[in-house]
Amino acid sequence: MKRVHLPEKQYAGYIFDLDGTLVDSMPLHYKAWRMALHKAGAPYEAFLPREFYACGGKSACDVVKFINSKYGVEMDAEAVSEDKRAIYLDLLANEGVVPIVETVDFVRSLGANAPVAIATGSMMAGASMTLKSAGIDDLFSLVVTPEDVEHGKPAPDMFLLAAEKLGVKSADCVVFEDAEPGILAANAAGMDCIVVETPEEYFEQV
């Protein structure tokens, strides 16, 4: 399966989501979510695969708030988010993740001095460990996370901040994303968006 159709146009700035875009880590994140939600007492039907992937790029707290609202539960967003992050880091240390070759090869083709950034729904600690596990922590010096902005995806804040830090106009940037919240955020930021496809079999995992 070809996961991404690369742009022919040149841009002033290139901004990448992390999980599911640069690194094939979404199945591991899903496993961590299911474990954390089970411990917190969420109903089994909450956050089955298609719902999980539809929330890709949202901050963990926003995800828990979404589940609370949709399923009528009252989980502590901060506590469940922290538990999920801890479980993910433990899984990451034991199982590891691999890069998405098509996207990473494109980043490498841009050259060492290319204006590139990551804007991810993961917190910095998790993002750093994910990049290291995939062996691509040398490619990005600028990583924007929900800790850096008031509103996470689907708001445009992270992409706008990344463009500002790169020193380029938002209209001259392209975003690589795999999930709807990030695509909506890119559109709201006035940036072009390249979609990295999720393999269909991932939606069948429970």
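Residues numbered from 1 in each chain as written. Predicted model: local features only at pLDDT ≥ 70, side-chain atom pairs only at ≥ 80, totals over all residues. Heavy atoms only, no water.

> Just give me the short version of the environment of Cys-55, but keep the residues and values in it.
Counting through the fold element by element, Cys-55 comes out in the loop between helix 2 (49-54) and helix 3 (60-71). Accessibility expressed as a relative area gives 6% for Cys-55, which makes it buried. Sequence-wise, Cys-55 and Glu-180 are 125 residues apart; in three dimensions their C-alpha atoms are separated by 7.2 Å. The residues contacting Cys-55, other than those within four sequence positions of it, are Phe-47, Val-63, Phe-66 and Pro-181. (Helix = DSSP H or I, 4+ residues; strand = E, 2+ residues; numbered from the N terminus. Buried < 20%, exposed > 50% of the residue type's maximum accessible area, 1.4 Å probe, protein only. Contact = heavy atoms within 4.5 Å.)

> Before we move on, can you summarise the sheet that holds strand 3 (residues 143-144) with the specific residues and values?
Spatially, five strands are ordered 3-2-1-4-5 in an open sheet, and the strand pairing comes out parallel. Single-partner strands in this sheet number two, and they are strand 3 and strand 5 (192-195). Sheet topology note: the strand 1 (residues 13-16)/strand 4 (residues 173-177) ladder contains four bridges and is parallel. Looking at strand 4, one finds that Phe-16 is bridged to Phe-176. Relative to strand 1, helix 5 (residues 101-110) is tilted by about 155°, and along the sheet it contacts strand 1, strand 2 (116-119) and strand 4. Relative to strand 1, helix 7 (residues 157-166) is tilted by about 140°, and along the sheet it contacts strand 1, strand 2, strand 3 and strand 4. (Pairing = 2+ DSSP bridges. Axes fitted to C-alpha atoms, helices over the stretch in contact; angles between N-to-C directions.)

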